[in-house]
Amino acid sequence: MGWILPCVGGLGLLVVVVIAAVIGIYNRLVTLRNRVKNAWQQIDVQLRRRYDLIPNLVETVKAYATHEKETLERVISARNAAISAETVAEQGQAENALTGTLKSLFALAENYPDLKANQNFMMLQEELSGTESKIAYARQFYNDSVMTYNTSRETFPANLLAGMFGFEPAEGFEIEEEAKEPVKVQF
Amino acid sequence: MYDQISSNKLRSAALIVVFVLLVALIGFVFGQATDWGYLGLVLALVVAFVMSWGSYWYSDKIVLSMSRARPVDRDTEPYLVNTVEGLAIAAGLPVPRAYVIDDPSPNAFATGRNPENAAIAVTSGLVAMMNRQELEGVLAHELAHIKNYDTLLQTLAAVLAGSVTLISEWMLRSFWWGGGRRRDSSSGQLGAILMIVALVLAILSPIAAMLIQMAISRRREYLADASAAMLTRYPPGLANALRKIGGDRNKLRSANKATESLYIVNPLKGDRSGGMSALFNTHPPLEDRVARLEAM
């Protein structure tokens, strides 16, 4: 009967190790899933910052460039369209349109030396181009986080638990990688 | 990546142990050579512990003020701060504090014991000379150092090696002035001891310098370059920046032997060239770094 005790002990040890491993994997998956969520919110924060900056920009430009009503209206409507977009795809499209109208607005500012020299305008221009690159970086970080999360939920042995505990695969951002050219910052 | 981080923490701990032993040795020799006896050792140990503690918690501030860096914020340097913030988002790190060193020589370094207490300092020359892509490349390189905990190791090494040199110098000077000389010893014995002390000290400073070189292996620069390329998804940015920095002949006035290894490119340009001295370089050759980035 001397073999029973070591056997039970060994079995107990095995159970403890397995439980510890399961806890470790589960916690890691939760951490990674939360990071994905947090990365998604980061994008939202930057988008909101951009929406907040645009009315100020429009007001500043209005004071100097009275004849450019049309361009300004296009910027505002593109902003509103982006805010009210519902699906991710819709929002992506609206954001691209907004970027386009902002570019034409900054191009137009070239014709108004007073506006270009305006301190407030310069600051808004820097803030907007800074925010734009932050949006791009936030999306990049989101995609990185999604990749890390998906990889670890699909690899063994985490894949056995992922389905059991309902860890759904996360969806990455589809960004058409436009050629990265030096962002124009004119002062 | 996580291996890098824990091995850097381990190396930082080892660095502190070596430093404490080194200072203890100096104190012991000093005590034997004078009539302080073991008080020298005790004093040295106290100094070593205070120094280690202080440099762990305050090395970033010490290095920043040694380099005459001034803090900037969104209002004073919106362009720089926005760029730092963007990259911190991309790296998933807390936003480091931004500092500017007023100097035309383009360079940058990062410091801080962990990502939560990190700072990036750039020279005004760097901001003026680089376009956005190039500045992003340089800042991403520094962020990589922060993420890998290189900054902890680098900054500790800079401060500790600096203080070893200082202590040795102070001791040498106290011998010079003949203070605390053991009265009952024969002049022959004293002379021998002094000789040994002088010898030890003469060896110590190069060792301290070597420690920095070893602790901050040149390979860490390649690693940070590669991470920067990953982060910006645009290797030519950093490659162009390095080329521009290499083409500039200005020396960074506020940099010195202790802090040179912190910078992205050696700030004491042209002091060493070729031959044996290549072994003691803190940075890999620029052409090599540019070539690696361009191959990505």
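As the structure is a computational prediction, the values presented were derived from the model and not from experiment.

1. Thoughts on the overall build of chain B
Within chain B, the secondary structure is distributed over 10 helices and 4 strands. Starting at the N terminus, the α and β elements of chain B follow one another as α-α-β-α-β-β-β-α-α-α-α-α-α-α. In chain B, which comprises 296 residues, the share counted as buried stands at 53%. Partitioning the contacts of chain B with sequence separation of at least 6, the portion at a separation of at least 24 is 70%.

2. Some thoughts on the packing of aromatic side chains
What the rule picks out here adds up to 7 aromatic pairs over all chains. Centroid distance Tyr26 of chain A to Phe167 of chain A: 5.6 Å. Interplanar angle 70°. Geometry classified as edge-to-face. Of the two residues, Tyr26 of chain A is situated in helix H1 (residues 4-64) and Phe167 of chain A in the segment after helix H6 (158-164); the sequence distance between them amounts to 141 residues. For Tyr26 of chain A, a relative accessible area of 32% translates into the label partly exposed. Looking at Phe167 of chain A, the relative accessible area reads 2%, which means it is buried. In textbook terms, an aromatic cluster arises when at least three aromatic residues are bridged by ring pairs, as seen for Tyr26, Phe165 and Phe167 of chain A. Across from the ring centre of Tyr149 of chain B, 4.7 Å away, lies the NZ or CZ of Lys9 of chain B, which sits over that ring. Lying across the ring of Tyr222 of chain B, Arg292 of chain B places its NZ or CZ 3.6 Å from the centre.

3. Considering helix H10 (residues 286-294) of chain B
Residue pairs spaced three or four apart in an α-helix point in one direction, given the helix's 3.6 residues per turn. Residue and element names in this part refer to chain B. Among all positions of H10, only Leu286, Arg289, Val290 and Leu293 are buried. In an axial view of H10, the angular spread of the buried residues amounts to 95°, which keeps them on one side of the axis. Elements in contact with the buried residues of H10: helix H5 (132-147), helix H8 (219-232) and helix H9 (235-247).

4. Observations regarding the packing of H1 of chain A against helix H2 (residues 69-84) of chain A
All names here are of chain A. Running from N to C, H1 and H2 point in directions that differ by 170°, and their axes come no closer than 10 Å. Considering the angle they form, H1 stands roughly antiparallel to H2. Here Tyr51, Ile54, Pro55, Val58, Val61 and Lys62 of H1 come into contact with H2, specifically with Leu72, Val75, Ile76, Arg79, Ala82 and Ile83. Partitioned by chemical class, the residues of the contact of H1 with H2 number 10 nonpolar, no polar and 2 charged.

5. Topic: the interface of chain B and chain A
Where interface size is quoted, it is often the accessible area lost as the parts come together. Of the residues lining the interface, 20 residues belong to chain B; the matching set on chain A comes to 20 residues. When chain B packs against chain A, close to 1,700 Å² is buried across both sides, 49% of that on carbon and sulfur atoms. Inspection of the chain B/chain A interface yields 4 salt bridges. Salt-bridge contacts for Asp144 of chain A lead to Arg233 of chain B; the nearest nitrogen and oxygen are separated by 2.9 Å. Those elements giving two or more residues to the side of chain B that touches chain A turn out to be helix H3 (78-91), H5 and H8 of chain B. Broken down by element, the side of chain B that touches chain A gets its largest block of residues, 9 residues, from H3 of chain B. Looking at side-chain class alone, the side of chain B that touches chain A contains 10 nonpolar, 5 polar and 5 charged residues.

6. A closer look at the confidence of the model for chain B
Residues and elements named next belong to chain B. Mean pLDDT for chain B: 80, with 79% of residues reaching 70 or above. In this model, residues 182-186 is a region of pLDDT below 50 whose contacts with residues beyond four sequence positions or in other chains number 7 contacts. Within the model, pLDDT remains below 50 along residues 272-276, and this stretch shows 7 contacts once partners closer than five positions in the same chain are excluded.

7. With respect to the nonpolar core
Of all hydrophobic cores here, the largest spans 41 residues; its most connected members are Leu57, Val61, Leu102 and Leu105 of chain A. With 12 residues, the single largest contributor to this core is H1 of chain A. Those residues in contact with Leu57 of chain A, other than ones at most four positions away along the chain, are Leu102, Leu105, Phe106, Phe121, Leu124 and Leu128 of chain A. If you look at the next biggest cluster of nonpolar residues, it comprises 39 residues, including Ala140, Leu143, Ala229 and Ala241 of chain B.

8. Description of the sheet that holds strand E4 (residues 119-123) of chain B
Residues and elements named next belong to chain B. With mixed pairing, the 4 strands of this open sheet are ordered in space as E1-E2-E4-E3. At either margin of the open sheet sits one strand with a lone partner, and together these are strand E1 (69-72) and strand E3 (108-111). Shown here is a sheet whose adjacent strand axes are inclined to one another by a mean of 30°, direction ignored.

Definitions and limits used
Residues numbered from 1 in each chain as written. Chains lettered and ligands numbered in written order. Predicted model: local features only at pLDDT ≥ 70, side-chain atom pairs only at ≥ 80, totals over all residues. Heavy atoms only, no water. Helix = DSSP H or I, 4+ residues; strand = E, 2+ residues; numbered from the N terminus. Buried < 20%, exposed > 50% of the residue type's maximum accessible area, 1.4 Å probe, protein only. Contact = heavy atoms within 4.5 Å. Phe/Tyr/Trp six-rings, centres within 6.5 Å; stacked < 30°, edge-to-face > 60°. Lys NZ or Arg CZ within 6 Å of the ring centre and 35° of its normal. Arc of directions from axis to C-beta. Axes fitted to C-alpha atoms, helices over the stretch in contact; angles between N-to-C directions. Parallel < 35°, antiparallel > 145°, perpendicular 65-115°, else oblique. Nonpolar A, V, L, I, M, F, W, Y, C, P; charged D, E, K, R; others polar. Buried area = accessible area lost by both parts, 1.4 Å probe. Salt bridge = Lys/Arg side-chain N within 4 Å of Asp/Glu carboxyl O. pLDDT = per-residue confidence, 0-100. Core = buried A, V, L, I, M, F, W, Y, C linked by side-chain atoms within 4.5 Å. Pairing = 2+ DSSP bridges.

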